[in-house]
Amino acid sequence: MALLPILCYPDPKLHTVAKPVAEIDARVKNLIADMLETMHEAKGIGLAATQVNVHERLIVIDVSEQHDSPIVLINPKIIWSSPETHLNEEGCLSVPGIYDGVERFDLVKVEALDEHGKQRLIEADGLLSVCIQHEMDHLLGKMFVEYLSPLKRNRIKTKMLKAQREAKS
Ligand code: NI
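Parameters at a glance
- Residues numbered from 1 in each chain as written.
- Predicted model: local features only at pLDDT ≥ 70, side-chain atom pairs only at ≥ 80, totals over all residues.
- Heavy atoms only, no water.
- Core = buried A, V, L, I, M, F, W, Y, C linked by side-chain atoms within 4.5 Å.
- Buried < 20%, exposed > 50% of the residue type's maximum accessible area, 1.4 Å probe, protein only.
- Helix = DSSP H or I, 4+ residues; strand = E, 2+ residues; numbered from the N terminus.
- Contact = heavy atoms within 4.5 Å.
- Polar contact = N/O pair within 3.5 Å; in protein donor to acceptor, adjacent residues only side chain to side chain.
- Salt bridge = Lys/Arg side-chain N within 4 Å of Asp/Glu carboxyl O.
- Disulfide = S-S within 2.5 Å.

I keep staring at the nonpolar core and nothing clicks. Help me out?
If you look at soluble globular proteins, the nonpolar side chains tend to sit buried side by side. Counting residues in each nonpolar core, the largest one holds 16 residues, and the members touching the most others are Ile 59, Ile 61, Leu 73, Ile 122, Leu 128 and Ile 132. Listing elements by their share of this core, those giving two or more residues are β2 (58-61), β3 (71-81), β6 (108-113), β7 (119-124) and α2 (126-139). If you tally residues by element for this core, the top one is α2, at 5 residues. Sequence-distant contacts of Leu 128, that is, excluding residues within four places in its chain, are made with Ile 61, Val 63, Ile 71 and Ile 122. If you look at the next biggest cluster of nonpolar residues, it comprises 15 residues, including Met 35, Met 39, Ala 49 and Val 54.

Would you take a moment to explain unusual backbone geometry for this structure?
Across residues other than glycine, the phi torsion is negative in most instances, and most of the peptide bonds are trans. With an omega dihedral of 5 degrees, the bond running from Tyr 9 to Pro 10 counts as a cis peptide bond. Relative to the elements of secondary structure, Pro 10 occurs in the segment before α1 (26-41). Phi is positive for Lys 43, which is not a glycine, with a value near 60 degrees.

Even after reading the chapter, I still don't get the environment of Gln 133, so can you show me in this structure?
Among the secondary structure elements, Gln 133 is positioned in helix α2. The spatial distance from the C-alpha of Gln 133 to the C-alpha of Phe 105 is 8.2 Å, given a sequence separation of 28 residues. Other than its neighbours up to four places away in sequence, Gln 133 contacts Ile 78, Arg 104, Phe 105 and Val 108. Within the local environment of Gln 133, its side chain forms a polar contact with the side chain of Ser 129, the two groups lying 3.0 Å apart.

Explanation requested: the pattern of salt bridges in the structure shown.
Think of it this way: side chains of opposite charge can pair up when their charged atoms draw near. Under the counting rule described, the total for this entry stands at 6 salt bridges. Residue Asp 11 is joined to Lys 13 by a salt bridge in which the shortest nitrogen-to-oxygen separation is 3.6 Å. Note that Arg 27 and Glu 56 form a salt bridge whose closest N and O atoms lie 3.0 Å from each other. Of the two residues, Arg 27 is situated in helix α1 and Glu 56 in the loop between β1 (46-48) and β2; the sequence distance between them amounts to 29 residues.

What should I look at first to understand the state of the cysteines in this one?
Counted by the stated rule, this structure contains 0 disulfides. Of all cysteine sulfurs in the structure, the one in Cys 92 sits closest to Cys 8, which takes part in no disulfide; the separation is 8.6 Å. Since its relative accessible area comes to 24%, Cys 8 is described here as partly exposed. Cys 92 supplies the cysteine sulfur nearest to Cys 131, a cysteine that is in no disulfide, at a spacing of 10.0 Å.

Right, dumping it as structure tokens:
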């Protein structure tokens, strides 16, 4: 297993639209293991393949308190969402240190393959629901900061670029 570098906003590669995973082979299984390790190491609760510069529809999530209940979603599809929505504070491993409110569906039903290629139906609420919606946006090349006002987004962009320059020097 290996830790993977996480792309940081405003890297344009984060706006790539992911393609479906064609086959759950050894390469994909290795990628899943590496993504889980990378997410746990970074103390995140979700990571999309997009964030590690692999543009395929694959997400890992672990919202458990013990960090011992990973969920793998391959080629996920939201088949139902509740009419009710809620404003939740979100963060993202690709936008470190930034947290802001995003409106999400309260409940979603998601169809996806798991790491064994088995079709699963997940009915999610609470943090899991928010996390699934956030990660699925990544697969479409969409970042949570894009829900914020242009003013806020520009401020975040400037802050991120400055931090990235400072990290390099
Ligand atoms: Ni994110």
